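So the chains spell out like this:
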Amino acid sequence: MTVGKKVLELNNIDKTFGAVNALSGIQLSVLAGEVIALVGDNGAGKSTLVKIAAGVIPPDQGNILFDGEPVVFRGPMEATRAGIAVIYQDLALCDNLSVVSNLFLGREIQNGIPLSPLNEEAMESKVLELLKELNVGQIREIDIKVGNLSGGQRQTIAIARSLIGEPKVVLLDEPTAALGVAQKVEVLKLIRRLADRGIGVLVISHNISEVLEVSDRVVVLRLGKVVANFETKKITSDDVVAAITGSKSFN
Ligand SMILES: Nc1ncnc2c1ncn2[C@@H]1O[C@H](COP(=O)(O)OP(=O)(O)OP(=O)(O)O)[C@@H](O)[C@H]1O
Ligand SMILES: [Mg+2]
């Protein structure tokens, strides 16, 4: 997949919480088909940036363009509807429901009539199609309760769930933080496959080797500012660490 046009553009975003300048003058574009890794120390502003792009909190200043058009999200539903999906570390899945129910939670396919029985067959075949497309071999039983799945499988379900609305941008806030080694590898592959589908992907991670492996670009936040925007293939982990700690200037 060649990297395409800008799908998401954040211009001059500022956000303060009381006396804390969480973000200032943020400039960031996400292109179709690329994976951006967003890195920075604890408190650098990464999650705040994702929340603003996802419509969870409004910026104090600045504007957002989606698909080249200015947008103002008054809540997360509006961002979802526009085509921005978010996946958080603390996996918002319902343990007592099946894989299928989790995937369609809140947007169940009905037979066209309100309050009619849910179209189980249509939902199941859509789930199987999605999991196949994502090349997820390990989940065979889709009527299993999500609480019985491993962390990696749950993360896969969370990612698959985000794709049901056919997003153009997927934002992931530390999707691998709670995972084991093998599960991490699977989720990283899945992230790459999202970009291969033409989705613009932005992933927050503290794991630098993972960042270098999965991303096309690395954007570094430090004290609420973008201090570096690297092409991944041109850098080493030392550059990323230097930008994160501020021991070297890259702008
Ligand atoms: N709702 C809030 N109220 C007050 N301060 C906040 C709020 N959300 C974030 N902050 C502050 O804004 C700054 C940036 O926080 P943010 O969560 O974006 O950091 P982060 O880069 O995601 O850190 P981490 O790597 O630890 O997750 C921090 O100083 C944090 O304490
Ligand atoms: Mg965070």
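Everything below is about the structure shown above.
Quick summary incoming for the structure in this document. Everything numeric in this text was worked out from a predicted model, so none of it was measured.

### Quick notes on the overall build of the protein
In terms of regular secondary structure, the protein is built from eight helices and 10 strands. In the protein, which comprises 251 residues, the share counted as buried stands at 40%. Summarising the internal contacts of the protein: among those between residues at least 6 apart in sequence, 69% fall at separations of at least 24.

### A word on the site of ligand 1
As a structural note, the neighbourhood of ligand 1 is formed by Phe17, Val20, Ala22, Gly40, Asn42, Gly43, Ala44, Gly45, Lys46, Ser47 and Thr48. Listed by contribution, the elements that provide at least two residues to the shell around ligand 1 are β2 (20-31) and α1 (46-53). For the shell around ligand 1, the element with the highest residue contribution is α1, accounting for three residues.

### Some words on the sheet that holds strand β10 (residues 225-231)
Sheet architecture is open: six strands sit in the order β6-β7-β8-β3-β9-β10, paired in mixed fashion. Of all the strands in the sheet, just β6 (84-88) and β10 have a single pairing partner and so form its edges. Each strand of the sheet is rotated relative to its neighbour by a mean of 15°, with strand direction disregarded. Looking at chain direction, strand β9 (residues 217-222) and β10 are connected through six bridges and run antiparallel. Within β10, the residue paired with Val218 across the bridge is Phe230. Along the sheet, helix α6 (residues 181-196) contacts β3 (35-39), β7 (169-173) and β8 (200-204); its crossing angle with β8, the most-contacted strand, is approximately 155°.

### Observations regarding helix α4 (residues 120-133)
In an α-helix, one turn spans 3.6 residues, which is why side chains three or four residues apart end up on the same side. The first and last C-alpha atoms of α4 sit 20 Å apart over 14 residues, in line with the 20 Å expected at 1.5 Å per residue. All buried positions along α4 are accounted for by Met123, Val127 and Leu131. Projection of α4 onto a plane perpendicular to its axis shows the buried side chains occupying an angular sector of 65°, all on one side. Exposed residues lying more than 90 degrees from the buried face of α4 are Glu121, Ser125, Glu129, Lys132 and Glu133.

### Concerning helix α5 (residues 151-163)
Between its first and last C-alpha, α5 extends 19 Å over 13 residues, near the 18 Å set by a 1.5 Å rise per residue. Of all the 13 residues making up α5, 10 are buried; the element is thus mostly covered by neighbouring parts of the structure. Elements in contact with the buried residues of α5: β6, α3 (99-104), α4, β7 and α6.

### Here we look at the pairing of β6
Counting buried residues in β6 gives four out of five residues, a clear majority hidden from the surface. Here β6 pairs with β7 via five bridges, running parallel. Pairing of Val86 across the sheet is with Leu171, part of β7.

Scoring rules and cut-offs
- Residues numbered from 1 in each chain as written.
- Chains lettered and ligands numbered in written order.
- Predicted model: local features only at pLDDT ≥ 70, side-chain atom pairs only at ≥ 80, totals over all residues.
- Helix = DSSP H or I, 4+ residues; strand = E, 2+ residues; numbered from the N terminus.
- Buried ≥ 20, exposed ≤ 12 C-beta atoms within 10 Å, placed from the backbone.
- Contact = placed C-beta atoms within 7 Å.
- Near = placed C-beta within 6 Å.
- Pairing = 2+ DSSP bridges.
- Axes fitted to C-alpha atoms, helices over the stretch in contact; angles between N-to-C directions.
- Expected span 1.5 Å × (residues − 1).
- Arc of directions from axis to C-beta.

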